[in-house]
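# What the coordinates show
Here's the letter readout for the chains.
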Amino acid sequence: MDRVYNFSAGPSALPLPVLEKAAAELVNYGSAGMSVMEMSHRSKAYLEIITEAEASLRRLMAIPANYKVMFLQGGASMQFAQVPLNLLRKGKADFVKTGQWAKKAISEAKRFGAANVVASSEDKVFSYIPKLDPAAFDPGADYFHITMNNTIYGTRFTRLPETGGVPIVTDMSSSILSEVYDVSKFGLIYAGAQKNIGPAGVCVVIIREDLLGFNLPGTPTMLNYVTQVENGSMYNTPPTYGIYVAGLTFKWLEAFGGVAEIQKQNEAKAAAIYAYLDESSLFRGTVVPEDRSLMNIPFVTGSDELDAKFVKEASAAGLVNLKGHRSVGGMRASVYNAMPMEGAKALIDFMKKFETDNK
Ligand SMILES: Cc1ncc(COP(=O)(O)O)c(C=O)c1O
């Protein structure tokens, strides 16, 4: 079977050249005589791989020198606990509740201190980003947490909250590297790899240096950011192959022209899909226009039966994983960096045909 257009929310499509390069090097990497999977993480060849992966990510995101980069395990979900363990020195943090992932981050933080919800969009099934009132922010909070892009509901922050001196911590799992972000505006960024970075199993954490060293008493060694920073993410055996593929994806994105270039493509893909959703008399998007995600586009017909028919027929036509998250229903098209414009066009063409056939 040919490769399909994979609209999965994660793990999701990787760029074909990345997969091909990994395949070409699978059994014998360079002159190593072995696969990256078989290498010692302490070997010279592997040290070059992880060092170059970090350097490439630093170039792509223009990460300032006073930020450390870590490649960790446990996914973004581990960060829901690891962030408060390391940053909650005064015992309180502010959160914006914009979906299931934000809720999980809040409930984990509550294990270690006060997690204050300053705004929520739960009243309308998280279909918008709530307006933020800085008067509700706690100037004494250890950090202010937002989920930059809400994978399930298809919303995204388009501007950052004014938090004064309180560091912004963000879950960037589903939008990292998709648009230009100013890293210097954040205290900490974390992102599970399995959308725009590489295979599941790696979580990228970027932290401003001055936030290191304030972990709670009893923090396990492995969960202390200082341990990971001091050991270059190699206190124990890191997810070596995942980091290698992440490095290939970073290189692919650099060759593409970098984040600003892919942002243009992402905006064009999303604009084309939203434009069709807005003119369609069968389909409609579920998110208010001003907060629409570039990466995850949920839509519905209004009929569960037609939704199911659409997902089934789209899949038969090579447009797969379009079923929406169980909490929203309907459909969701995830159009991460690896989804080319042709994939978005193929989806729109198929939707148009489906609309005509089901009038
Ligand atoms: C925004 C966001 N945060 C967190 C997670 C959880 O990530 P992980 O499975 O890597 O723990 C996801 C997964 O899809 C996500 O989309």
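Along each chain, the written sequence defines residue order, and numbers are assigned to residues from 1. In keeping with the model being predicted, local features are shown solely for residues with a pLDDT of at least 70 and side-chain atom pairs are shown and tallied solely at 80 or more, while totals for entire chains, interfaces and linings include all residues.

### Concerning the domain arrangement of the protein
- Domain segmentation is taken from an automatic or database assignment of domains. As far as domains go, the protein holds domain 1 (16-256) and domain 2 (258-357).
- Taking the mean C-alpha position of each, domain 1 and domain 2 sit 27 Å from one another.
- Residues are scored as being in contact if the C-beta atoms we place from backbone atoms lie within 7 Å. Counting from both sides, the interface comprises 26 residues of domain 1 and, opposite them, 24 residues of domain 2.
- By definition, any uninterrupted DSSP run of H or I lasting at least four residues is a helix, any uninterrupted run of E lasting at least two residues is a strand, and each is numbered from the N terminus. Broken down by secondary-structure element, the contributors of at least two residues to the side of domain 1 that touches domain 2 are α2 (44-61), β6 (149-150), β7 (155-156) and α6 (240-256).
- The nonpolar class holds Ala, Val, Leu, Ile, Met, Phe, Trp, Tyr, Cys and Pro. Asp, Glu, Lys and Arg form the charged class, and all remaining residues, Gly among them, are polar. Along the lines of polarity and charge, the residues of the side of domain 1 that touches domain 2 split into eleven nonpolar, eleven polar and four charged.

### Concerning helix α7 (residues 259-279)
- For α7, built from 21 residues, the straight-helix expectation of 30 Å at 1.5 Å per residue is met to within 8% by its first-to-last C-alpha distance of 30 Å.
- The exposure scheme places C-beta atoms from the backbone and then counts, for each residue, the other C-beta atoms within 10 Å of its own, assigning buried at 20 or more, exposed at 12 or fewer, and partly exposed in between. Along α7, the residues classified as buried are V259, I262, N266, K269, A270, I273 and L277. All buried residues of α7 lie within an arc of 95° about the axis, which places them on one face of the element. Away from its buried face by more than 90 degrees, α7 exposes A260, K264, A275, D278 and E279.
- Buried residues belonging to α7 abut α2, α6, β11 (284-285), β12 (296-300), β14 (331-334) and α9 (341-357). Every helix has an expected span of 1.5 Å times one less than the residues it contains. The arc in question is traced by the directions running from the helix axis to the C-beta atoms.

### Some words on the site of the ligand
- Defining nearness, a residue is near a molecule or strand when the C-beta atom obtained from its backbone falls within 6 Å of it. Around the ligand sit G10, G75, A76, S77, W101, T147, T151, D171, S173, S174 and G192, and that is every residue in its neighbourhood.
- Per-element accounting of the shell around the ligand gives the leading share, three residues, to helix α3 (residues 75-87).

### Observations regarding the sheet that holds β12
- Here, a strand pair is defined by DSSP locating no fewer than two bridges between the strands. The strand order across the open sheet built from three strands is β11-β12-β14, with neighbouring strands paired in antiparallel fashion. Only two strands of the sheet have a single partner each, and these edge strands are β11 and β14.
- Direction of pairing for β11 relative to β12: antiparallel, over a ladder of two bridges. From the neighbouring strand, R284 faces β12, where its bridge partner is V300.

### Thoughts on the sheet that holds strand β4 (residues 114-120)
- Overall, mixed pairing links the seven strands, which are arranged β2-β10-β9-β8-β5-β3-β4 in an open sheet. Edge positions in the open sheet fall to β2 (67-72) and β4, since each of these has one partner strand only. Strand-to-strand, the axes of this sheet are offset by a mean angle of 20°, without reference to chain direction.
- In this structure, strand β8 (residues 168-171) lies alongside strand β9 (residues 188-192), joined through three bridges in parallel fashion. For V169, the partnering residue across the bridge sits in β9 and is L188. Only C-alpha atoms enter the line fits that serve as axes; for helices the fit covers just the stretch in contact. Angles between N-to-C directions range over 0 to 180 degrees.

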